[in-house]
Amino acid sequence: MMKNSRTRRQFLAEAGAVGGLAAGGSLISVMPAASQSMAKVGMQLGWLASNGILGEVVAMHQGYYKEAGIELEITPGGPNVDGVGGVAAGRSNLGQISSSPSIMLARSAGIPIKAFAAGYQKHPFTYFSLSDNPIRQPSDMVGKTIATQPTAYILLRALLAKNGIAEDQVEIVNMGSDMNQLLTGQAQAVTGWMTNTNALKILGDGRVDMMLWDAGIQLYANVYYTTESELADNSEVLANFLSGSARGWGFARNNPEEAVDILVDTYPNLNRESELDAVGIALGFSFNDTTAANGWGNMNRDNWAAQIDTYAALDQFKGEVPGIDDVMTLSILEATAATRMEVAA
């Protein structure tokens, strides 16, 4: 186990460097249920409930967790909820985080957590431009102004480095949560998640998308993680939870409109029309050629190795550079292979 050379406060102060990819993290706790045959799992979201937990909500509604011996309770979070910190402090045993770099940074800080599945095979983080001045590939950024969230600067730096573009060839400015800088011409690109269809509507039909993944920085999103001790002591609970989630996401894939109805019935603050617009996009990140071959929730070691190398080259690790086996495990994926393959077929 890597030594903890930094304090939790130091880690939390720097965790924003994962790249402006928040609004999706969550943490999950496991405790004995009243029934000896059930494990009670409380899922604490790092943000407000959204289509990022579509499969979990469906699995609850359809009874998939109950069949797996799991009682799941989901509690929405907010801007001050930190999933990694909650797990590290012992308040929870299992979590889901919006973006994979958080796991690597935590391990560098000496926090003994590991990813065990990826809900989204490709990260939805995207650079948006307009057709009258499009950015379709990284080289199109040269001489342009790019507006991005302060915590996403590291992603733009990584993208430029990956594509051999000097940082002084691009002007980087801060942006908030809206896309107005693009519409007013203050910037030639803004950033956000492809799944946030409400925010993107303002850009209209002239929108041009360049995903971070397609530009060479290939991160996972909606990553499930746990501590080393939970992997050692409660691997069966983890596998049962993941099997239930896989079945929920599989149902959503085959019945997207019904899944949206379940989501909106569970969280009435969500807009049905907006969720219907977004569900196909979200499912496209959850199921692709990779999952067809390896099952829902798949991860691979080569991808994690590339992420570690990218962050190490940009000097993002303040402690030791973590190894692949420090940040991820395939054990829970292997234990749930049959169910994950079935839902992704």
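What you see as residue numbers is a count from 1 along each chain, following the sequence as written. Where totals are concerned, whole chains, interfaces and linings use all residues; where local detail is concerned, this predicted model gives features only for residues with pLDDT of at least 70, and gives and counts side-chain atom pairs only at 80 or more. Where side-chain values are given, they derive from all heavy atoms of the structure, hydrogens and water being excluded.

## Remarks on the pattern of salt bridges
Salt bridges are counted wherever a side-chain nitrogen of Lys or Arg sits within 4 Å of a carboxyl oxygen of Asp or Glu. Applying the stated rule across the entire model yields 9 salt bridges. In this structure, the salt-bridge partner of E167 is R157, at a minimum N-O distance of 2.9 Å. In this pair, E167 sits in the loop between α6 (153-162) and β8 (171-174) while R157 sits in helix α6, placing the two residues 10 residues apart along the sequence. A salt bridge links D261 to R272; the shortest N-O distance between them is 2.5 Å. Separated by 11 residues along the polypeptide, D261 in helix α11 (residues 256-266) and R272 in helix α12 (residues 272-286) bring together distant segments of the chain. Three labels apply to residues, based on accessible area from a 1.4 Å probe with only protein chains included: buried if under 20% of the type maximum, exposed if over 50%, partly exposed otherwise in between. On the accessibility criterion, R272 (34% relative accessible area) is partly exposed. Taken together, the shared-partner salt bridges connect R107, E228 and D326 into one network. The helix count covers DSSP runs of H or I at least four residues long, the strand count covers runs of E at least two residues long, and both are numbered beginning at the N terminus.

## Some words on the sheet that holds strand β6 (residues 125-130)
One bridge is not enough; two strands pair if DSSP finds at least two bridges between them. With antiparallel pairing, 3 strands are arranged side by side in an open sheet as β9-β6-β10. Looking at strand neighbours, the two that pair on one side only are β9 (190-193) and β10 (207-211), the edges of this open sheet. With strand direction ignored, the average angle separating the axes of adjacent strands in the sheet is 35°. Examined bridge by bridge, β6 and β10 share 5 bridges and lie antiparallel to one another. Paired with L130 across the strands is R207, a residue of β10. Throughout, an axis means a line fitted to C-alpha atoms (over the contacting stretch in the case of helices), and angles, computed between N-to-C directions, take values from 0 to 180 degrees.

## Some remarks on the nonpolar core
Put simply, buried Ala, Val, Leu, Ile, Met, Phe, Trp, Tyr and Cys residues joined by side-chain atoms within 4.5 Å make one nonpolar core. Core analysis: the biggest nonpolar cluster contains 105 residues, and I103, Y127, M141, L159 and W304 have the highest contact counts within it. When residues in this core are grouped by element, the largest group, 9 residues, is from helix α10 (residues 235-254). We call two residues in contact when some of their heavy atoms are within 4.5 Å. If near-sequence neighbours (up to four positions away) are discounted, W304 is found in contact with S100, I103, M104, A115, Y220, V223, M299, V327 and M328.

## Remarks on the packing of aromatic side chains
Two numbers describe a pair of aromatic rings. These are the distance of the centres and the angle of the planes. When the centres of two rings from Phe, Tyr and Trp lie within 6.5 Å, Trp using its six-membered ring, the rings pair. Their planes under 30 degrees apart give stacked, over 60 give edge-to-face, and anything left gives tilted. Scanning the entire structure with this criterion turns up 8 aromatic pairs. Arranged with centres 5.6 Å apart and planes meeting at 10°, the rings of Y65 and F241 form a pair that is stacked. Here F241 lies in helix α10 and Y65 lies in helix α3 (residues 64-67), a separation of 176 residues in the sequence. For the residue pair Y65 and F241, the accessibility class agrees, reading buried in each case. Here the aromatic rings of Y224 and F241 are separated by 6.1 Å at their centres, their planes lie at 65°, and the arrangement is edge-to-face. Linking Y224 in strand β11 (residues 221-227) with F241 in helix α10, this pair joins segments that are 17 residues apart in sequence. Look at Y224 and you get buried, because its relative accessible area is 0%. On the accessibility criterion, F241 (0% relative accessible area) is buried. Connected via pairs of aromatic rings, a cluster forms that spans Y65, F116, Y224, F241 and W296.

## Here's the deal with the side chain of N298
Topologically, N298 is positioned in the loop between α13 (289-294) and α14 (301-313). A relative accessible area of 10% places N298 in the buried class. The residues contacting N298, other than those within four sequence positions of it, are A118, Q121, Y220, T290, L333 and R340.

## Things to note about the pairing of β8
Across 4 bridges, the pairing between strand β7 (residues 145-148) and β8 is parallel. Note on β8: the bridge partner recorded for A147 is V173.

## Topic: the pairing of strand β4 (residues 94-99)
For β4, the tally of buried residues reaches 6 of 6 residues, placing the bulk of the element in the interior. As defined by bridge partners, β4 adjoins β11 across 5 bridges and the pair is classed as antiparallel. Residue G95 lies in a different strand from β11, and its bridge partner there is Y225.

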